[in-house]
Protein chains: 2
Amino acid sequence: MNTKNADTRQETAVQATGNADASGIAALMQALADVNRLRILNLLLQEKELCVCDIERVLAVPQTRVSRHLTILRNSGWVAARREGRWMHYRLTDDSPLQRELTHGFRKQWRAVPEFMQDIARLQQPTIVCCDPLSENHP
Amino acid sequence: MNTKNADTRQETAVQATGNADASGIAALMQALADVNRLRILNLLLQEKELCVCDIERVLAVPQTRVSRHLTILRNSGWVAARREGRWMHYRLTDDSPLQRELTHGFRKQWRAVPEFMQDIARLQQPTIVCCDPLSENHP
DNA sequence: TTCATATATTCGCATAGACGAATATATGGT
DNA sequence: ACCATATATTCGTCTATGCGAATATATGAA
């Protein structure tokens, strides 16, 4: 099977049901119940796509941790991954209406959170982004 | 100290900071990562105030469990309690802007969740509510 | 004071989740 | 084929969380 350049999205109960039941929603929230994952989502709210090494550098967190939490976010339907050469590019996937509500709220409210704003600031230092110099679609 | 009729709100890190930091937000989400607690919040989105025995009956869940999860919701700043005689009346407390965003979204999106709608339906059977026949402020 | 009711807490147990270190896998370059 | 880089997974361990049963506490009534 050809794995390179495949768009990866994990098969889970959450995905299958479109989060439309109570335990699906609980699982969706559970995925948000960790600072590492919130910080990752915060970055992806700003930059459409990021590879693991970027996240690792911006958050100053060991690679294993970033990867682990990205897997959790993927399994819970919060992000999807796209391989490009050696790099995996992660992006937000707010597919369900509930998720869109939530991300919309986060975009607005997380601007008041210093830690998140600092992460964004570090993200925007151009030297820190390794493999994603073009922010998805620049006109 | 006089405990009867005191309005109870737990002192926690979350409360203290107004959830305005990343780990406070994670704690807020963590409180939502359980079906029991989601169902309780769902009821409180509909009925302004409910006592434990009402919740117990509507959700058909043992008392210990309801009480435990109400405590967790209280400690995380999602509900507050008011004693009235033998009963504790719980109500939603979406104090922070983030919480208001979230509850607003839930009010809208949870209508699509069958389990939640069924709970509301059972809540509205008049025989099932024991000690709160007046829904807070009826004109 | 004694009893019944409403709610909260403790206890022991079982499962889930987070961590770093080490290791495995996948890709591209040489 | 071999190596370097990017990412994922496994392993052992530790802590957190959920559960029901039992118990404790608080209030009001008799």
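These figures come from a predicted structure and were not determined experimentally.

**Q** Even after reading the chapter, I still don't get the overall build of chain A, so can you show me in this structure?
**A** Across its full length, chain A holds 7 helices and 4 strands. Ordered by position in the sequence, the α and β elements of chain A form the string β-α-α-α-β-α-α-β-β-α-α. Out of the 139 residues in chain A, the part that is buried amounts to 51%. Intrachain contacts of chain A at a sequence separation of at least 6 include 68% that bridge at least 24 residues.

**Q** It is not clear to me how the side chain of H69(B) should be interpreted in this structure. Could you clarify?
**A** Examined against the element boundaries, H69(B) turns out to sit in helix α5 (residues 63-75). Those residues in contact with H69(B), other than ones at most four positions away along the chain, are D34(B), N36(B), R37(B) and I40(B).

**Q** It is not clear to me how the relation of the copies chain B and chain A should be interpreted in this structure. Could you clarify?
**A** The second copy of the chain is related to the first by a rotation about an axis and a shift along the axis. The operation relating chain B to chain A is a screw motion whose rotation component is 180°, with 0.0 Å of axial translation and a residual RMSD of 0.0 Å. The transformation just described matches what one would write down for a two-fold rotation axis. Interface residue correspondence from chain B to chain A reaches 100%, placing this contact among same-surface, isologous pairings.

**Q** What is the right way to read empty space enclosed by the protein from this model?
**A** It is the rolling of a water-molecule-sized probe over the atoms that shows where space remains empty. One pass over the structure, following the stated rule, counts 1 cavity of 30 Å³ or more. In this model, the largest cavity occupies a volume close to 50 Å³. What lines the largest cavity is simply L98(A), E101(A), L102(A), G105(A), E101(B), L102(B), G105(B) and F106(B). For the lining of the largest cavity, the secondary-structure elements that each account for two or more residues are α6 (97-109) of chain A together with α6 (97-109) of chain B. Within the lining of the largest cavity, the residues separate by chemical class into 4 nonpolar, 2 polar and 2 charged.

**Q** Even after reading the chapter, I still don't get the interface of chain B and chain A, so can you show me in this structure?
**A** Quite often, the size of an interface is put as the accessible area lost when its parts meet. If you look at the interface, chain B gives 27 residues, while chain A gives 27 residues. Where chain B abuts chain A, roughly 2,000 Å² becomes buried across the two surfaces, and 72% of that area is made up of carbon and sulfur atoms. K108(B) is paired through a salt bridge with E101(A); the nearest N and O atoms lie 2.7 Å apart. Summed over the shared surface of chain B and chain A, the result is 4 residue pairs in polar contact (both at pLDDT 80 or more).

**Q** I keep staring at helix α3 (residues 35-46) of chain B and nothing clicks. Help me out?
**A** An α-helix turns once every 3.6 residues. As a result, residues three or four positions apart point the same way. Residues and elements named next belong to chain B. For α3, which comprises 12 residues, the first-to-last C-alpha distance of 17 Å matches the rise-based estimate of 16 Å (1.5 Å per residue) to within 8%. Burial of α3 is extensive: 10 of the 12 residues sit out of reach of the surface. Turning to α3, its buried residues number three or more, namely N36, R37, L38, R39, I40, L41, N42, L43, L44 and L45.

**Q** Can you help me understand the pairing of strand β4 (residues 87-92) of chain A in this one?
**A** The side chains of a regular strand alternate, first on one face of the sheet and then on the other. Burial runs high along β4(A): 5 of the 6 residues are buried. If you look at the hairpin formed by strand β3 (residues 79-84) of chain A and β4(A), you'll find 2 residues sitting between the two strands, and G85(A) has a positive phi there, around 65°.

**Q** Got a minute to help me understand the environment of L59(A) in this structure?
**A** Of note, L59(A) is situated in helix α4 (residues 52-59). Those residues in contact with L59(A), other than ones at most four positions away along the chain, are N36(A), R39(A), I40(A), L43(A), D119(A) and R122(A).

**Q** Before we go on, may I ask you to explain unusual backbone geometry in this structure?
**A** It is generally the case that most residues other than glycine have a negative phi and that most peptide bonds are trans. In the Ramachandran plot, A60(A) falls in the positive-phi region, its phi being about 55° despite a non-glycine side chain. By relative accessible area, which is 64% here, A60(A) ends up exposed.

**Q** Would you take a moment to explain the packing of aromatic side chains for this structure?
**A** The description of an aromatic ring pair rests on the distance of the ring centres and on the angle between the ring planes. Evaluated as defined, the whole model comprises 4 aromatic pairs over all chains. Where F106(A) meets W110(A), the ring centres are 4.4 Å apart and the plane angle is 15°; that geometry is what we call stacked. Of the two residues, F106(A) and W110(A), both sit in the buried class. Aromatic pair W110(B) and F116(B): ring centres 4.8 Å apart, planes at 40°, arrangement tilted. For W110(B), a relative accessible area of 2% translates into the label buried. Exposure remark for F116(B): the relative accessible area of 0% places this residue in the buried category. Site record: aromatic cluster; members linked through ring pairs are F106(A), W110(A) and F116(A).

Thresholds applied
Sequence positions are assigned chain by chain, starting from 1 and proceeding in written order. In the order they appear in the text, chains get letters beginning with A and ligands get numbers beginning with 1. Local features in a predicted model are, by the rule used here, given only for residues with pLDDT of at least 70; side-chain atom pairs are given and counted only at 80 or more, and totals for whole chains, interfaces and linings are based on all residues. Hydrogens and water molecules were not included; the side-chain quantities draw on all heavy atoms of the structure. Elements are defined by DSSP. Helices are runs of H or I of four residues or more, strands are runs of E of two residues or more, and each kind is numbered from the N terminus. Relative accessibility under 20% of the residue-type maximum defines a buried residue, over 50% an exposed one, and the middle range a partly exposed one, all with a 1.4 Å probe and only protein chains included. In what follows, residue pairs with any heavy atoms lying within 4.5 Å of each other are defined as contacts. Here the copies were fitted onto each other by least squares, based on C-alpha atoms from residues at pLDDT of at least 70 in both. Points on a 1 Å grid, built from protein atoms alone, make a cavity when a 1.4 Å probe fits but cannot get out and make a pocket when they are open with protein on both sides within 12 Å along at least 5 of 7 lines; residues with an atom within 4 Å of a point are the lining residues. Grid points are joined across faces, edges and corners, and a volume is the space filled by probe spheres set on the points. Classification used: nonpolar for Ala, Val, Leu, Ile, Met, Phe, Trp, Tyr, Cys and Pro, charged for Asp, Glu, Lys and Arg, polar for all others including Gly. Two parts placed together each lose some accessible area; with a 1.4 Å probe, that loss summed over both constitutes the buried area. Salt bridges are defined as contacts in which a side-chain nitrogen from Lys or Arg sits within 4 Å of a carboxyl oxygen from Asp or Glu. Throughout this description, a polar contact denotes any pair of N or O atoms lying within 3.5 Å of each other; where both atoms belong to protein, one of them has to be capable of donating a hydrogen while the other can accept it, and for residues adjacent in sequence the pair is counted only when both atoms sit in side chains. How far a helix is expected to stretch is found by multiplying one less than its residue total by 1.5 Å. Each pair of strands is called paired provided DSSP finds at least two bridges between the two strands. Stacked, edge-to-face and tilted are the three classes for Phe, Tyr and Trp ring pairs, Trp counted by its six-membered ring, which pair at centre distances within 6.5 Å; planes under 30 degrees apart are stacked, over 60 edge-to-face, the rest tilted.

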